[in-house]
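# Coordinate analysis (summary)
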Amino acid sequence: MALTANPLTAGREAIARHAWGEAFELLREADTENGGLEPADLEALGEAAWWTARLDECIAARERAFALHHGGGNRRAAALVAMSLAKDYYAKGSSSIGTAWVNRADRLLAEEPESVEHGWLERLQGVIALEGRGDYEVALEHARRAFEFARRFGDRDLEAIALHDQGRALVMQGDVEAGMAMIDEATAPATSGELGPMSTAVIYCNTITACKELAD
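What counts as what
- Residues numbered from 1 in each chain as written.
- Predicted model: local features only at pLDDT ≥ 70, side-chain atom pairs only at ≥ 80, totals over all residues.
- Heavy atoms only, no water.
- Helix = DSSP H or I, 4+ residues; strand = E, 2+ residues; numbered from the N terminus.
- Rg over C-alpha atoms; globule rule 2.2 N^0.38 Å.
- Buried < 20%, exposed > 50% of the residue type's maximum accessible area, 1.4 Å probe, protein only.
- Areas by Shrake-Rupley, 256 points an atom, 1.4 Å probe, with all protein chains shown as cover.
- Lys, Arg positive; Asp, Glu negative; His and termini not counted.
- Charge placed at Lys NZ, Arg CZ, Asp CG, Glu CD.
- Expected span 1.5 Å × (residues − 1).
- Polar contact = N/O pair within 3.5 Å; in protein donor to acceptor, adjacent residues only side chain to side chain.

## Looking at the overall build of the protein chain
Within the protein chain, the secondary structure is distributed over 11 helices and 0 strands. Shown N-terminal to C-terminal, the secondary structure of the protein chain runs as helices and strands in the order α-α-α-α-α-α-α-α-α-α-α. The C-alpha atoms of the protein chain give 18 Å as radius of gyration, which agrees with the globular expectation for 216 residues (17 Å, within 12%). The principal-axis extent of the C-alpha atoms belonging to the protein chain is close to 55 × 35 × 35 Å. Here the protein chain holds 216 residues, and the buried ones make up 47% of them. In the structure as shown, the protein chain presents an accessible area of about 10,800 Å², 51% of it carried by carbon and sulfur atoms. When the 21 positive and 36 negative side-chain charges of the protein chain are each reduced to one mean point, those points stand 3 Å apart.

## Thoughts on helix α9 (residues 156-173)
Counted at 1.5 Å a residue, the expected span for α9 with its 18 residues is 26 Å, and the 26 Å between its end C-alpha atoms agrees. In terms of burial, α9 is largely enclosed, as 15 of its 18 residues are buried. Between the side-chain oxygen at the start of α9 and the backbone nitrogen of D157 there is a gap of 3.1 Å, and the oxygen is on D155. Of the residues trailing α9, G174 is marked for its positive phi of about 105°.

## Let's talk about the environment of V81
Among the secondary structure elements, V81 is positioned in helix α5 (residues 75-91). Owing to a relative accessible area of 3%, V81 belongs among the buried residues under this scheme. When the C-alpha positions of V81 and W101 are compared, they lie 9.1 Å apart, and in sequence the two are 20 residues distant.

## Concerning unusual backbone geometry
Glycine aside, residues mostly have negative phi, and peptide bonds are mostly found in the trans state. With phi around 60°, H18 is a residue other than glycine that occupies positive phi space. Assignment of secondary structure puts H18 in the loop between α1 (7-16) and α2 (20-33). H18 gets classed as partly exposed once you look at its relative accessible area, which sits at 42%. Positive phi is not limited to glycine here, since A53 has a value of about 60°. Counting through the fold element by element, A53 comes out in the loop between α3 (39-51) and α4 (55-71). Here A53 falls in the exposed class, since its relative accessible area comes to 72%.

Laid out in structure tokens, this is it:
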């Protein structure tokens, strides 16, 4: 890749185009040249690393972003990054560290006014109940609360994922017809390009899993 005069600007543009490999190289170059990126750009670097299967680099960038958000008193932004780190560590098989990051997010938001970040925390706690403990009733309640937060704060991605999670929990409880109807409804905005890449990927993946388990 040819060097660019402004790797930070080019890296941001690559993120906007979802050109993950290009974005990773450019933002890493900008991080080196500029003596460190700002939190939002570190989050973008972490996202680019995630999409290009560089989990350790993803975690490193997100941990730096968390430290900067937390140090700057931006508790809501820090909590969102903590949730991403929790998922990263669970994916890595380090469940105890993942749980610690969930607890950090919970603590950061405990005294904050209700916000969409609380909805994302409800969603994460619901997934842990569903996939980690098999507690489908608790998972359903978390998903319902996440959906309410999404509606209140106008987050289309969370709304679709929370609806999808409700469907998954209902299917696991044996209410296949109602559950699959919710899953199908949530899949529609994903297939039509209304959602971000991560939300789209999550819904695609979990829909395929649900259908596979039902031999559909």
